[in-house]
Amino acid sequence: MKTLKIEDLSKNFGSTEVLKKINLEIDEGNFLVLLGPSGCGKSTLLNIIAGLETINEGNVFIDDYNVSKVEPKDRNIAMVFQSYALYPSMNVKENMIFGLKQAKTSKDKIKEQLEKVSKFLQVDQLLERKPSQLSGGQRQRVAIGRALVREPRIFLFDEPLSNLDAKLRVEMRREIKKLHQQLKTTVVYVTHDQTEAMSLGTKIAIMNHGVIQQNDTPENIYNKPNNTFVADFIGSPSMNLIKGKLKQSSNIISFVAEGSNLEIPIDNYNFKANDNLNNKEVFFGIRPEHIFFKKLNDNDFEITLRADLSEYIGHEQIMTFDYDNQEILAKFPSTIKTELSKETKLYFDLTQVSLFDAKTEERI
Amino acid sequence: MQDSLQSSYRQLEQKSKYTNIFLRWFLYLVLILFASYFIFPLYVMIVTSLKTMEEIRQGTLLTWPSSLNFDSWAVAWGGRGYGAGDTFLKPYFWNSIKMVVPAVFFSTFIGAMAGYVLTKWRFKGDKWVFLFLLFGCFIPYQAILLPMARTLGVLGISNSVIGLVLVHTVYGIPFTTLFFRNFYVSVPTELVKAARIDGAGFFKIFFKILLPISAPIIVVTVIWQFTQIWNDFLFGSTFSFGEAAPIQVALNNMVLSSTSVKEYNVDMASAIIAGIPTLIVYVLAGKYFIRGLTSGAVKG
C-alpha cells in the first residue's frame, strides 16, 4: 500500500499545460520534496494533492483510495502555507482548533489535542494571542500546530520557510526535520531552495516544465543526476558541463573537450549502455567541489588550467579557470593562496564524474 | 580664511531660517483663508437659524443673534401645530431613516458577498460579470428613471419607502461590489484554502474568516452608501411624493411652498437638520474612512 500515489496526472490552465502525465509514489513515513524553479508546476501539484485544484486527467490515491473527486477536508491531509494563512480574527487557540470544530470533534478530544500539540511546539504560552502579535517563527509554529492537531495521514508544506529571514529559516528547517523524525508522518514539501530540499527530503522529485525530471534520494540526485537540468539545478555553483567527444580505442574510453587534445580517461565510469560510444558528443560533468588544488586520491587526474577569476566568500573561494575557451568553476578552501592569470595545476576526481548525451541531455 | 568661511555659513543658516519662518506663516495664512471660506456658509446657516425674522430683516448676514432662539428649530422639526399646509420634517426624517437603514444594509451585504465570490471563488467569465457591474457605476441617474418607475409600478411598490429601498440597493451594488472586491483581492487566497482544508464551507469562510477582517471596508461602504442615499433628491422626488417622501424632498417642498413670507431662520434650521445624520456618521467613523480607503492589505 502506498500512502500517496499519483497516476498519469495532467493539468492545464486554459491552453497552458502545467503538469504533464505525472507519476509519483510515496511510501509511508517518507519525506518527499518537490523541487524546481518557479513556474515548474510544483505548487499546482501540491494543491491537487490537497484537493484545492481540479484534475484534467489522471488520478490521486491516498492509502489506495481514489480521492480525485474528494473534498479537501475529507482527504485526511493537512497543509502549511507560505503566508502561514492564520485566520487574522482568531487567536492562536481558535486557529488551531478551527478544523477540529468543523469536524465536530468532541470537546474533550479537542482539549486533549490542543494541549498535546501546543506543548509539543512550545506555543502553549501564546494561545490567547492574535496572529498579528506573533513573530514570524511563532506564526510558522502555530501554522504547523494547526496542521498537527488534525493528525493527518499526509502533511503538505507549500514553501513554508520562504517568508522567514535567513537565520530563522535554518532554525525552522531543523525543527521540521526533528518533527518528522519524531512523528514519522508522510510529508510532501514544496520548495525552490535546494539546501532545504537536500537537508529535509528522504526523496526529492525535481520538476521542470510540468515534468518530473528525477525522483530519487538526495544522494543520487547529487551524485548521479539524470540529465543536465538536474545536474545544473542542484549544487552551488552548479556542475561544470564541458562540451566534447568520447574517444574509444580498444578498451580504453576517454573524453576530449572541444578544441583540446587532452584525453581524460574515464574507464571506470559506469555507462548505462556500452555501445556506440566512439565519437559520441557529450557533456562531461564535474562539480566545482570535486576539483582539487592538491592531489588527494591516486586516481585524480592532473590538468593545467589558467585561473581567470577568484570570488572570495569567507569559508571558501570560487575560482574560474579557462579550459580551451570553456569556463570551469572550482571551489577551494579560502586558506589556499591562488594567483590569477597563471597556469595552475588542478586535480579532477574522476570517480565523481557524470556524462550526458549532448543531444538528448540525458545521463549515459 | 577659516573664519570667513564660517561666517558665510552662519549667514546662510540665518537666511534659510528666515525663509523657513516666512514660508510657515504663508502656509498658515493660506490654510486659514481656505478654512474660513468653507466654514463661512455653515456659520451663516447656524447664525441665521438662531435669529428671529425681525433680526434677520434688520441685521446683516454676519451679525451675531441677540439671544439664542431655538423657535425656528422647533418649527422646522415639529411644525406650528395648525392643520393644512403645515409641512415639517419629523415624519419625513423617519421616512428617510426607514429607507436608508435597510438600503445601506442590503447593498453593503450584497456587495460584500459579490466581492467575496469575484475574488475567492473565481469562475469562468467572472471578469465579465465584474466589468458589467463596474459599468453600473457609470450609468447616470437620469437614464434609469423611466425604466425604474415602470419596474416599481409592475412590482406594485411605487410611491413607497420599500420601493426607494429597492432602488437604492440596486443602484448601490456596483459601488459596494467594487469596494469589497478591491479589498478582498488583497486578502491572501491561502486563507480560503486553509479554511477549506479545515472543512469550512462557502458561507462559513465568509462569515467566520473574511467578514471579521472587513471592518475598514465596511465602514467605507456604509459611509459612502449612507451619504449617497440620505442626500439623494432625484430618486426620492421621482419615485415618491406626499407622505412617503424622504427628508430631502420634504425639505425642498417646505422651502418652496411657504406661502407669504420667506422664513429664512426656519429654512436654515431645516437644512441643518437634514444634514446632521451624515455629519454624525462622518464624525463617528471618519477616522476609519480614511484608513479604509488608503489601506488594503491584511498582513496576517
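The shown structure was predicted, so the numbers you read here are calculated from the model rather than taken from an experiment.

Novice: I'd like a rundown of the overall build of chain B, residues and numbers included.
Specialist: A count of helices and strands for chain B gives 13 helices and zero strands. N-terminal to C-terminal, the α/β element order of chain B is α-α-α-α-α-α-α-α-α-α-α-α-α. Based on the C-alpha atoms only, the size of chain B along its principal axes is roughly 90 × 70 × 35 Å. The proportion of buried residues among the 300 residues of chain B is 32%. Contacts in chain B between residues far apart in sequence, at least 24 positions, make up 76% of those at least 6 positions apart.

Novice: Explain the overall build of chain A residue by residue, including any values.
Specialist: Each helix and strand counted, chain A has eight helices and 20 strands in total. Overall, the C-alpha framework of chain A stretches about 75 × 45 × 35 Å when taken along its three principal axes. Within chain A, counting contacts between residues at least 6 apart in sequence, those at least 24 apart form 65% of the total.

Novice: Residues and numbers for the domain arrangement of chain B, please.
Specialist: All names here are of chain B. We note that the domain assignment places domain 1 (2–78) and domain 2 (90–294) within chain B. For domain 1 and domain 2, the distance between their C-alpha centres works out to 35 Å. Contacts between the two partners involve 14 residues from domain 1 and, on the opposite side, 11 residues from domain 2. Those elements that provide at least two residues to the side of domain 1 that touches domain 2 are α1 (2–49), α2 (53–58) and α3 (71–78). Broken down by element, the residue count for the side of domain 1 that touches domain 2 peaks at six residues, all from α3. Looking at side-chain class alone, the side of domain 1 that touches domain 2 contains eight nonpolar, five polar and one charged residues.

Novice: Break down the interface of chain A and chain B for me, citing the residues and quoting the values.
Specialist: Put simply, an interface is often sized by how much accessible area is lost when its parts join up. With 20 residues of chain A in contact, the opposing surface of chain B contributes 15 residues. Of all the secondary structure elements, the ones that give two or more residues to the side of chain A that touches chain B are β6 (77–80) and α2 (92–102) of chain A. Of the residues that constitute the side of chain A that touches chain B, the class distribution is 15 nonpolar, four polar and one charged.

Novice: Just give me the short version of the domain arrangement of chain A, but keep the residues and values in it.
Specialist: Residues and elements named next belong to chain A. Taken as a whole, chain A is organised into domain 1 (4–229) and domain 2 (240–357). Look at where the C-alpha atoms of domain 1 and domain 2 centre, and you get two points 39 Å apart. Taken together, the residues that form the side of domain 1 that touches domain 2 break down as one nonpolar, two polar and one charged.

Novice: Describe the environment of Phe 135 of chain B, naming the residues involved and giving the relevant values.
Specialist: Residues and elements named next belong to chain B. Relative to the helices and strands, Phe 135 is located in helix α5 (residues 126–137). The class of Phe 135 is exposed, set by 10 C-beta atoms lying within 10 Å. Separated by 33 residues in sequence, Phe 135 and His 168 have C-alpha atoms that sit 16 Å apart.

Novice: Describe the nonpolar core, and please don't skip the residues or the numbers.
Specialist: Counting 149 residues, the largest nonpolar core has Leu 34, Met 79, Leu 156 and Val 188 of chain A as the members making the most contacts within it. Here the element with the most residues in this core is helix α7 (residues 161–185) of chain B; it accounts for 11 residues. If near-sequence neighbours (up to four positions away) are discounted, Met 79 of chain A is found in contact with Ala 50, Ala 147, Leu 156 and Asp 158 of chain A together with Ala 194 and Ile 197 of chain B.

Novice: How would you summarise unusual backbone geometry if you had to cite specific residues and measurements?
Specialist: All names here are of chain A. That bond from Ser 236 to Pro 237 is cis: its omega, -10 degrees, falls within 30 degrees of zero. A positive phi angle is found at Asn 76, which is not glycine, with a value near 65 degrees. Its location among the elements puts Asn 76 in the loop between β5 (65–66) and β6. Among the residues examined, Asn 76 registers 15 C-beta atoms within 10 Å and is labelled partly exposed.

The rules we used
- Residues numbered from 1 in each chain as written.
- Chains lettered and ligands numbered in written order.
- Predicted model: local features only at pLDDT ≥ 70, side-chain atom pairs only at ≥ 80, totals over all residues.
- Helix = DSSP H or I, 4+ residues; strand = E, 2+ residues; numbered from the N terminus.
- Buried ≥ 20, exposed ≤ 12 C-beta atoms within 10 Å, placed from the backbone.
- Contact = placed C-beta atoms within 7 Å.
- Domains from an automatic or database assignment.
- Nonpolar A, V, L, I, M, F, W, Y, C, P; charged D, E, K, R; others polar.
- Core = buried A, V, L, I, M, F, W, Y, C linked by C-beta atoms within 7 Å.

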